[in-house]
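So the chains spell out like this:
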Amino acid sequence: MMEWTVGSDQGAAGHSKVAITLRVMSRWTTSAVMVLCATGSASVFVHLWNCLTVNTKTLAEPVAHGRRFAWLSLCLCVLSGSSSFLSAAEPSQSAELIVLVGAPGAPDYEPLFRKWAEQWDTAAKQAHASCTIIGLDENSKVDRTRLEEVLKATDKDGSRELWLVLIGHGTFDRRVAKFNLRGPDVSTDDLKEWLKSIERPTVVIDTSAASAPFLTQLAGLNRVIVSATKSGSEQNFARFGGFLAEALVDPSSDLDKDEQVSLWEAFLAGSRRTAAWYKDEGRLQTEHALLDDNGDGQGTRADAFDGLDPVKVAADQAKLDGSRAHQRHLVPSAAESKLPLEIRRQRDALELQILELRGKKATLPEDVYYQQLETLLIELTRLSRAPVSPAKPAAAVAP
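This report concerns the structure included in the present document. Each residue is numbered by its place in its chain's sequence as written, counting from 1. Side-chain atom pairs in this predicted model are given and counted only at pLDDT of 80 or more, local residue features only at pLDDT of at least 70, and totals for whole chains, interfaces and linings cover all residues. Excluding hydrogens and water, the side-chain figures rest on all heavy atoms present in the structure.

A few points about the sheet that holds strand 7 (residues 170–172)
Read from one edge of the open sheet, three strands run 7-8-9, paired in antiparallel fashion. At either end of the open sheet lies a strand with only one pairing partner, and these are strand 7 and strand 9 (186–187). Between any two strands, pairing holds if DSSP finds at least two bridges. Helix and strand assignments follow DSSP, with helices taken as H or I runs no shorter than four residues and strands as E runs no shorter than two, numbered in order from the N terminus. As judged from the two bridges shared by strand 8 (residues 177–179) and strand 9, these two strands associate in the antiparallel manner. Bridge pairing in strand 9 links F179 to V186.

Pasting the structure below:
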């Protein structure tokens, strides 16, 4: 058995000294270190932290899950050195972002919606992603038609992520939910039809009131859907969209300290900032955002998690969401952006398998658990050493 110990003083934050001891089963230590040396994957560190036998009795509170990950990363990075495929790979394709801005309704909402759209546009520029904004400029075509044409023209498959963000007002009449536009509105049925042929990774974020039916109807395989409300009956103006846009590029939202903010981390931060706003204003909270990434259409609220750690059990034996959304980064770190899309896709699949295995740890014999974990780690090592053709730069999408 091997031991690694990391100590750190957190005087500025008022925390006492942190000491973490990792005890690793010797028969698979070599495989783990090989993977860490080869991949340099921050998310692998997170999974290993949860999979290893860890003595945290001396871990001072309140140290967040992300900070515990930081100490583990520091310790293992010293052993790991640089990544084999990071040094050789050219930057991968960035995401394709489509921002649909709805009708403001009242004059006060127009500058607010414009600000939120510009925040997404700034994030896209930072990530070198293409960005198409519909609804702010004057155009001879109605906005609904423009959105339909853009979605029909976009690539239907591949690994490049498609992000669709809806900023505005929404309605629900107990039968159909709609997003309000200048001219004809967009319904859940419309988006369901326009997105059905798109098989590449897709993110849909509806920041409007009464947006939960969009999550229910659009949830599916290879999709992450976010709604600003937990039901169609939450019909007051939703402020979640602004807090989400802020959190996406705010380093303080990076809970696992991997130098990038995932959609899941932004969702958690945005949801908590929304709740804090209502509390500070002395108002009853009338919106509760949901995120679905497992395709069951039920969604998960941020209050089911403390940091990145689940603290609630989903109803009806449903699985909590978040693991796939945690692999979506509109603005990736420098290290992440160097990964070819195919390598990233395969790595993400292996990490999901590690997470699934972690969930079964209590029900598996110890030897079986570590044997299966070792198999996954060795596969990550092989993946890191496979020859990969560099990805071609993303082409810009015209408005």
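Quick look at the environment of S252
Within the element layout of this structure, S252 appears in the loop between helix 9 (240–248) and helix 10 (263–280). Contacts described as polar in this section are N or O atom pairs within 3.5 Å, which, within protein, must combine one atom able to donate a hydrogen with one able to accept it, while residues neighboring in sequence count only if both atoms come from side chains. Looking at S252, its side chain comes within polar contact range of the side chain of D250, at 2.9 Å.

Observations regarding the packing of helix 6 (residues 143–153) against helix 7 (residues 188–195)
For helices, the axis comes from a line fit to the C-alpha atoms of the stretch in contact; other axes are also lines fit to C-alpha atoms, and the angle between any two N-to-C directions lies between 0 and 180 degrees. Following both chains from N to C, one finds helix 6 and helix 7 inclined at 25°, their axes separated by 9 Å at the closest point. It follows that helix 6 is roughly parallel to helix 7 by the angle criterion. Helix 6 and helix 7 meet at a crossing whose hand is right-handed. Contacts between helix 6 and helix 7 involve R144, L147, E148 and L151 from the first element and D190, L191, W194 and L195 from the second. Looking at the contact of helix 6 with helix 7 residue by residue, the class counts come to five nonpolar, no polar and three charged. Any angle from 65 to 115 degrees is called roughly perpendicular, while one under 35 is roughly parallel, one over 145 is roughly antiparallel, and all others are oblique. The crossing is said to be left-handed when, going from far helix to near helix, the turn is anticlockwise and less than a right angle, and right-handed when the turn is clockwise. Throughout, a residue-residue contact means that at least one pair of heavy atoms, one from each residue, lies within 4.5 Å. Under this grouping Gly is polar, as are all residues other than the nonpolar Ala, Val, Leu, Ile, Met, Phe, Trp, Tyr, Cys and Pro and the charged Asp, Glu, Lys and Arg.

A few points about unusual backbone geometry
Not every positive phi belongs to a glycine, and A210 is a case in point at roughly 55°. Along the polypeptide, A210 turns up in the loop between strand 10 (202–206) and helix 8 (212–218). The phi angle at K257 is positive, at roughly 55°, despite the residue not being glycine. In this structure, K257 sits in the loop between helix 9 and helix 10.

Describing the sheet that holds strand 10
Pairing within the open sheet is mixed, and its six strands lie in the order 5-4-6-10-11-12. Across the chains shown, the open sheet's two edge strands, defined by having one partner strand only, are strand 5 (130–134) and strand 12 (290–292). Strand-to-strand, the axes of this sheet are offset by a mean angle of 10°, without reference to chain direction. Direction of pairing for strand 4 (residues 96–101) relative to strand 6 (residues 162–167): parallel, over a ladder of six bridges. Of the residues in strand 6, the one forming a bridge with V99 is V165. Contacting strand 4, strand 5 and strand 6, helix 6 crosses the sheet at an angle of about 155° to strand 5.

Some thoughts on the packing of aromatic side chains
Here a pair means two rings of Phe, Tyr or Trp (six-membered ring of Trp) with centres within 6.5 Å. Their orientation is stacked below 30 degrees between planes, edge-to-face above 60, and tilted elsewhere. Across all of its chains, the model carries eleven aromatic pairs by this definition. A ring pair is formed by F113 and F237, whose centres lie 6.3 Å apart and whose planes are at 35°; its orientation type is tilted. Note that F113 is positioned in helix 5 (residues 109–126) and F237 in the loop between strand 11 (223–227) and helix 9, a separation of 124 residues in sequence. Using a 1.4 Å probe on the protein chains alone, a residue whose accessible area is under 20% of its type maximum counts as buried, one over 50% counts as exposed, and one in between counts as partly exposed. Residue F113 is classed as buried on the basis of its relative accessible area of 1%. When the centroid spacing of 5.0 Å and the interplanar angle of 85° are considered together, the rings of W277 and Y278 count as edge-to-face. Considered together, W277 and Y278 belong to a single accessibility category, that of buried residues.

Comments concerning the environment of D306
Structurally, the position occupied by D306 is in strand 13 (residues 305–306). Sequence separation between D306 and L268 is 38 residues, and the spatial gap between their C-alpha atoms is 9.3 Å. Filtering out sequence-adjacent residues up to four positions away, D306 remains in contact with R272 and V311.

Some words on the pattern of salt bridges
We count a salt bridge whenever a side-chain nitrogen from Lys or Arg sits within 4 Å of a carboxyl oxygen from Asp or Glu. Across all of its chains, the model carries 20 salt bridges by this definition. Residue E96 pairs with R200 through a salt bridge whose shortest N-O separation is 2.4 Å. Taken together, the residues span a long stretch of sequence, with E96 in strand 4 and R200 in the loop between helix 7 and strand 10 at a distance of 104 residues. The residues E96 and R200 share a single accessibility class, namely buried.

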